[in-house]
Amino acid sequence: MSFVSAAEADKKAYDVIVVGSGAAGGQTAYTLTMDGARVLMLEAGRRYEPAIETPMMQTNGDAPLRGAGTPEKPFGFWDATIDGGWGVPGEPYTSASDDPARKFMWWRARMLGGRTNHWGRISLRNGPYDFKPYTRDGLGFDWPIGYEDLAPYYDKVEMLIGVYGSNEGLENTPNSSPGVLLPPPKPRVSDLLIQQRSKKLNIPVIAGHRAVLTTRLDHQRLPKLLHPGNAKAQKILAEDMQKRAACFFATPCGRGCSIRANYQSTTVHLPPAFDTGNLDVVTDAMVRSITKRKDGGAEGVVYIDRKTGTEHRVKARVVVLAASALESVRILLNSGVANSSGKVGKYIMDTVGANFSGQVPLLENMPLHNEDGVDGLHLYTPWWLYKEQLAGKLGFARGYHFEFGGGRNMPGMGTASGLEWLNGGTYGRKFKEDARRYYGSFVGFAGRGEMIPNEDCYAEIDPKVKDKFGIPILRFHWKWSEHELGQAAHMQKTAAEIIDAMGGRYSVKPQSGDKAIKQGGVIIHEVGGAIMGSDPKKSVTNSYGQCWDMKNLFITDGATLCSNADKNPTLTIMALAWRSAEHMLGLMKRKEL
Ligand SMILES: Cc1cc2nc3c(=O)[nH]c(=O)nc-3n(C[C@H](O)[C@H](O)[C@H](O)COP(=O)(O)OP(=O)(O)OC[C@H]3O[C@@H](n4cnc5c(N)ncnc54)[C@H](O)[C@@H]3O)c2cc1C
Ligand code: SF4
């Protein structure tokens, strides 16, 4: 079994249909197929083969505009995102408001593996507080599970995909079990300076957690831990782990990794799932809606073949939506199912984002050196003001973390631009000297914080507009609350204090929250829209992503998250998907589905 045509899939019988092949679909299909379930994966995007399509070694100078971002390729010419971005041709979305502050930006990636081919690979666990936020401060919703329910699945996902980091035992920043994390990479010079000066301000700086192999995975130990009692799965995984190389610390992860040293669904989840012989994938398969059995259960799905425009119908015992949070919401709304609570589309969330950067004279004129490292987070600051916040001293609820940018990565279009505020504007030889002097002396702070679900942020079906396949599209409503605005202002103020402590300077002063905050959706951590809960009247699914109204319909992407902690959501999505798939397997084995 492997890639099949729509016509071939029509003729076969499957246990489970999985819609989408990103982090959620990949994890769901992996767990199901490794345990023997026959899975059909339907992916709207095209087939994508990282081993031959990844432009790892090309320089920015090899690309048009020196690789700079364009509306079609916002993250640059070589970025791994194919057929995606803030806009997808022929597949619009609309906003209920013309006010830019109330517009939601929606990023999609129409390709096998979805956004996991590009993503930042920052993989932080939610902590115990993050599962019970309402109990802590009376805002938002508690999850129907606690940290202890998900901890074993965080361990499993980290062992499977490979995550580096350290265990620091800090408040609400959980440790992984011993032997789970890979060693963190050496910090960059700028990170070390941030760490040294932050200490004076009592701000912690610790190793980041990212899904990158700093060493090869232990193929003898890990498969036994991940698949106890399943010799076939252990063998497949052991063989596959040996085909993944360790990172060689020199190329941009956002282009993908052909040596499979970082996590992409296409390089980590799908290869072993294919090797089980239990996975069929149809690409260019745009799912429109869920079909219903006479008894009210899910029968299967209807999808459009993007290449031919023809409609297909497939059936299975179980249907899983893993099309990314808001695409799954769209499918649910277009199907008119699983919505007796009226909560489908409600409580969509992104991560709060505000950036701040500065220049540090101490980092000028550094000797030539390569600081690419793992091309992402080496160190970061977890939220640290829990006590002050609980005592009401901050004026906003919920925390954020800082991701640091800095060092000397591969030069691009903007490397020596925007120096006028430092040198008054130079050209010729002086400009070249300045470019060398300042290269690598800038530090950036990306504050990433928790958004509280609110009644003003939701998606609905646009009554008029359809996409090029004739499928009704989403219309968004969006409004940040005072908590998020307060948080964004605090991010910039604190980043400025750290830059001050580094002896640095900045061209723009910290701003008020409404100016500092990024537009909704810009951080690309959208979750919610079909939240889990313990009350069917107030939620769409239970803690397994199983719809209250349709017992054989599951959602394993971020749509079920009922809060969006400051921790980037994908590791949590994968841990939930593993737990959910295990639950499905149990129900199927007991013939309860
Ligand atoms: C630039 C960028 C940086 C990021 N950095 C991080 C980070 O560092 N850490 C982090 O935690 N998260 C990060 N994210 C977010 C992360 O990529 C997502 O949280 C994650 O990919 C979600 O997984 P998913 O499977 O739900 O969705 P996706 O990965 O988007 O996959 C969904 C798949 O479903 C397919 N699909 C959609 N609709 C249909 C349909 N109707 N029929 C069939 N198939 C369909 C899509 O084509 C896609 O392939 C980042 C995202 C971007 C874009
Ligand atoms: S930095 Fe490492 S993980 Fe990232 S693309 Fe390069 S080799 Fe792969």
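The rules behind each value
- Residues numbered from 1 in each chain as written.
- Chains lettered and ligands numbered in written order.
- Predicted model: local features only at pLDDT ≥ 70, side-chain atom pairs only at ≥ 80, totals over all residues.
- Heavy atoms only, no water.
- Phe/Tyr/Trp six-rings, centres within 6.5 Å; stacked < 30°, edge-to-face > 60°.
- Helix = DSSP H or I, 4+ residues; strand = E, 2+ residues; numbered from the N terminus.
- Buried < 20%, exposed > 50% of the residue type's maximum accessible area, 1.4 Å probe, protein only.
- Lys NZ or Arg CZ within 6 Å of the ring centre and 35° of its normal.
- Contact = heavy atoms within 4.5 Å.
- Polar contact = N/O pair within 3.5 Å; in protein donor to acceptor, adjacent residues only side chain to side chain.

Peer 1: Mind showing me how you'd approach the packing of aromatic side chains here?
Peer 2: Given two aromatic rings, their pairing is described by the distance between the two centres and the angle made by the two planes. Overall, the coordinates contain 25 aromatic pairs when judged by the stated rule. Relative to Tyr147, the ring of Phe131 has its centre 6.3 Å away and its plane inclined at 55°; by these criteria the two rings are tilted. Residue Phe131 is located in helix H4 (residues 128–131), and its partner Tyr147 is located in helix H6 (residues 147–161); the two are separated by 16 residues in the primary sequence. Tyr147 matches Phe131 in its accessibility class, with the two residues each being buried. For the pair Trp384 and Tyr400, a centre-to-centre distance of 5.9 Å together with 85° between the ring planes defines the contact as edge-to-face. Of this pair, Trp384 sits in the loop between strand E12 (379–381) and helix H12 (386–390) while Tyr400 sits in strand E13 (residues 400–405); the two residues are 16 residues apart in sequence, bridging distant segments of the chain. By relative accessible area, which is 16% here, Trp384 ends up buried. Every member of this aromatic cluster is reached through a ring pair, and the members are Trp383, Trp384, Phe396, Tyr400, Phe402, Phe404 and Phe445. Geometry around Tyr129 places Arg136 over its ring, the cationic atom sitting 3.8 Å from the centre. If you follow Lys346 out to its NZ or CZ, it ends over the ring of Tyr458, 4.7 Å from the centre.

Peer 1: I tried to follow the environment of Pro204 on my own but got confused; where do I start?
Peer 2: Mapped onto the fold, Pro204 is located in the loop between helix H7 (189–200) and strand E6 (206–207). Between the C-alpha atoms of Pro204 and Gly513, which are 309 residues apart in sequence, the distance is 23 Å. Not counting chain neighbours up to four residues away, the residues in contact with Pro204 comprise Leu170, Tyr380, Thr381, Pro382 and Trp384.

Peer 1: Hey, could you run me through the side chain of Ser97 in this one?
Peer 2: Mapping Ser97 onto the fold places it in the loop between strand E4 (94–95) and strand E5 (108–109). Among the polar contacts listed, one links the side chain of Ser97 to the backbone nitrogen of Asp99, at a separation of 3.0 Å. Ignoring sequence-local partners within four residues, the contact set of Ser97 consists of Arg102 and Lys103.

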